[in-house]
Amino acid sequence: SFLAILKTGRGGPKSSRSGRCWLSAMLRPALRGCRNLHDCCAPCGAFVASELKKNGYDVTVYFYNPNIFPEEEFDLRLAEMKRYCEDVEIKMIEAPYQRNDWQVAINGLEAEPEGGKRCNQCFSHRLAEAAQKAQEIGAEAFATTLTMSPRKNVELINQIGNELADFYGLKFID
């Protein structure tokens, strides 16, 4: 469970592409300021946020996931992450459930398989929201827990994140 990982510090997710610990880039001393962490669920977000906090970073978790369906699942994930952030005193911003915006973003790609063109649009949509929120709150950098999944295209997520960071004058932590 993610709580066991947090307590022991072992068994944390690894980057499926590079073989190095995904957290090493997040802990670069040159980027010690505020970070906006886009999060998809408590197991991913709790691990990353707690490691950042433990290492002295000012982190804000941004829960933005209009792709989650049904809304009850969204509510469950949100409630668990909110509970965790309150328990460990990590700031959290919760975006409202905006399923219609996401459906517009992926319009015409609904039948695409996992890993297909719909993922590109979904990543772009969610990371754009995270970058905008990072700029709004004065964060110098943003990141996403999406890169923790072995089922996600890490190179694509990092490319999109870096392009958005350039556009918004931020750093993307890949």
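Just above, that's the structure.
The structure reproduced in this document is the subject of the present report. (Residues numbered from 1 in each chain as written. Predicted model: local features only at pLDDT ≥ 70, side-chain atom pairs only at ≥ 80, totals over all residues. Heavy atoms only, no water.)

According to the stated counting rule, one finds eight salt bridges in the structure shown. Residues Glu-73 and Arg-77 are paired through a salt bridge, measuring 3.0 Å at the closest nitrogen-oxygen approach. Separated by four residues within a single helix, Glu-73 and Arg-77 lie in helix 4 (residues 71-88), roughly one turn from each other. What makes Glu-73 partly exposed here is its relative accessible area of 31%. Arg-77 sits in the partly exposed class, given a relative accessible area of 29%. Between Glu-136 and Lys-133 there is a salt bridge, with the nearest N and O atoms lying 2.9 Å from each other. With Glu-136 and Lys-133 both in helix 6 (residues 117-137) and three residues apart, the pair spans about one turn of that helix. The exposure class assigned to Glu-136 is exposed, which follows from its relative accessible area of 61%. Three or more residues joined by partner-sharing salt bridges are found here, namely Glu-80, Arg-83 and Asp-87. (Salt bridge = Lys/Arg side-chain N within 4 Å of Asp/Glu carboxyl O. Helix = DSSP H or I, 4+ residues; strand = E, 2+ residues; numbered from the N terminus. Buried < 20%, exposed > 50% of the residue type's maximum accessible area, 1.4 Å probe, protein only.)

Turning to the sheet that holds strand 4 (residues 141-144), a few remarks are in order. The strand order 3-2-1-4-5 describes an open sheet built from five strands, whose pairing is parallel. Two strands close off the open sheet at either side, each with one partner strand: strand 3 (91-94) and strand 5 (171-172). Note that strand 4 and strand 5 share two bridges and pair parallel. In the strand pairing of strand 5, Ala-141 is matched with Lys-171. (Pairing = 2+ DSSP bridges.)

Turning our eyes to something else, we now look at the state of the cysteines. As enumerated under the stated definition, the model contains zero disulfides in all. There is no disulfide at Cys-41, and the cysteine sulfur nearest it, in Cys-44, is 3.7 Å away. Cys-122 carries a free sulfur, and the closest cysteine sulfur to it, the one in Cys-119, is 6.8 Å from it. The exposure class assigned to Cys-122 is buried, which follows from its relative accessible area of 7%. (Disulfide = S-S within 2.5 Å.)

Here the focus is the pairing of strand 2 (residues 59-63). Counting buried residues in strand 2 gives five out of five residues, a clear majority hidden from the surface. Going residue by residue along strand 2, you find Val-59, Val-61 and Phe-63 tucked away on one face and Thr-60 and Tyr-62 tucked away on the opposite face as well. Two strands pair when backbone bridges link them, and strand 1 (residues 35-39) and strand 2 are joined in this way by five bridges, in the parallel orientation. Bridge pairing links Arg-35 to Val-59 in strand 2. Taken together, strand 1, helix 3 (residues 42-54) and strand 2 form a β-α-β motif whose crossover is right-handed. (Right-handed = clockwise from strand over helix to strand, strands pointing away.)

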